[in-house]
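Residue strings, one per chain:
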Amino acid sequence: MLKLRAEIIQEIRSKTNTAELYQYLQSAIRLEHATIPPYLTALYSIKPGRNQEVVRIILSIVREEMLHMTIAANVLNAIGGHPDLNHPKFIPSYPGNLPMNIGNDLIVGLKPLSKEVLKNTFMRIEEPEDPINFPVRPNFMFLGTQEYATIGQFYQAIIDKLKELGTHCIKGNPNRQVVNEQWFSQDQLFAVTNLDEAVNALTIIVEQGEGTHNSPLDPEGAYAHYYRFAEIYHGRRLQKDSTVKEGYSYSGEPIPLEEDGIWQLVENSKTQYYPKGSRALRLVDQFNYSYTNLLNGLHRTFNGEPQYLNTVMGLMYELKLQAQEMVEITDPSLGKQVAPAFEYAAVNV
């Protein structure tokens, strides 16, 4: 379970007006975004046509992290704040801590997919307060628990404070709300125009990421992120199992993770790693420009141009194509495949 500094929860609970919550929802946007480059790097490390079920699982989680970032922006707009994404400090430094130093002993990097990354990074990021340790059949593997606050408790503190502040805290311009059924169903991404909608929206983030206390399922009936990553780690689908007291076990269809289907990417890639004038550097620079364009596009989307989300989602596809081109190149000095750096580049949109 990720450790969350208790002071952050105490700070949120001590606030007395809505404006004092802006920084925490901005941090929530940064936190949701911070998970996307590591997840995308793992996704891009999968060779074309290989590990396709794993691809589908990771892609579904990335898509929901985009949803969560949008929900946090909607709530920030609803209470009168302004999301801020288009500057270098918005991007975490990899390897490094997550925003707000959540999981202070967890260093998150940009690495190719592996069971080590799944267990020690991705499942730790998504670990719920009380993870349900379903048995694995035939190979039992146990994940321990500790007693620390979670990302879910961070969101719960914001929910509690919004309820305490009351209905008048929802005062933002409703025209800044992002709703787009082309990409996200209306029961997941909806306009936040009153307190109940704000609470429901933030609850979706928690339950899609962690599940509930007594079920691995989110409100839409899909497994929460933690359990989806666990399926890849254990190599089997999680399914109902009446023969175990937990009610579920990792005993469904195999989800093989074929290691020879993974590119061995340069870890925590930086532009400075690649020779001047090389094709590798050109592709990494190109990716950084597209990635920065994507952040600029999200900034526009969350600050009064909600229809711009369609353009942003198109940029996600562009990033994928650029990443696929670079990961097929071996850097001779590093002996590994060239990898995206997710660095800020000064661009105009």
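Because the structure is predicted, anything quoted here is derived from the model rather than measured.

Here is what the cut-offs are and how they apply
- Residues numbered from 1 in each chain as written.
- Predicted model: local features only at pLDDT ≥ 70, side-chain atom pairs only at ≥ 80, totals over all residues.
- Heavy atoms only, no water.
- Salt bridge = Lys/Arg side-chain N within 4 Å of Asp/Glu carboxyl O.
- Helix = DSSP H or I, 4+ residues; strand = E, 2+ residues; numbered from the N terminus.
- Phe/Tyr/Trp six-rings, centres within 6.5 Å; stacked < 30°, edge-to-face > 60°.
- Lys NZ or Arg CZ within 6 Å of the ring centre and 35° of its normal.
- Core = buried A, V, L, I, M, F, W, Y, C linked by side-chain atoms within 4.5 Å.
- Buried < 20%, exposed > 50% of the residue type's maximum accessible area, 1.4 Å probe, protein only.
- Contact = heavy atoms within 4.5 Å.

(A) Representation of the pattern of salt bridges within the structure. Using the criterion set out here, one finds twelve salt bridges in the structure. Across the pair Asp160 and Arg13 runs a salt bridge, and its minimum N-O distance is 3.1 Å. Here the residue Asp160 occupies a position in helix H5 (residues 151-165), and Arg13 occupies one in helix H1 (residues 6-14), the gap between them amounting to 147 residues. Salt bridges linked by common partners bring Glu53, Arg56, Glu231 and Arg237 together as one network.

(B) Molecular detail of the packing of aromatic side chains. Here the structure, examined in full by the defined rule, presents 13 aromatic pairs. Residue placement shows Lys115 over the ring face of Tyr233; its charged tip is 5.6 Å from the ring centre. Here Arg300 stacks its cationic end above the ring of Tyr308, 4.0 Å away from the centre of that ring.

(C) A look at the nonpolar core. Of all hydrophobic cores here, the largest spans 119 residues; its most connected members are Phe154 and Leu162. Counting residues per element, this core draws most heavily on helix H3 (residues 52-78), which supplies 15 residues. With sequence-adjacent residues up to four places away left out, Phe154 is seen in contact with Leu4, Ile8, Ile9, Ile12, Tyr24, Ala28 and Met100.

(D) Region of interest: the environment of Leu321. Tracing the chain through its elements places Leu321 in helix H9 (residues 309-326). Take Leu321: its relative accessible area is 42%, and that puts it in the partly exposed class. With eleven residues separating them along the chain, Leu321 and Pro332 place their C-alpha atoms 22 Å apart.

Any link to function would need more than the numbers given here.
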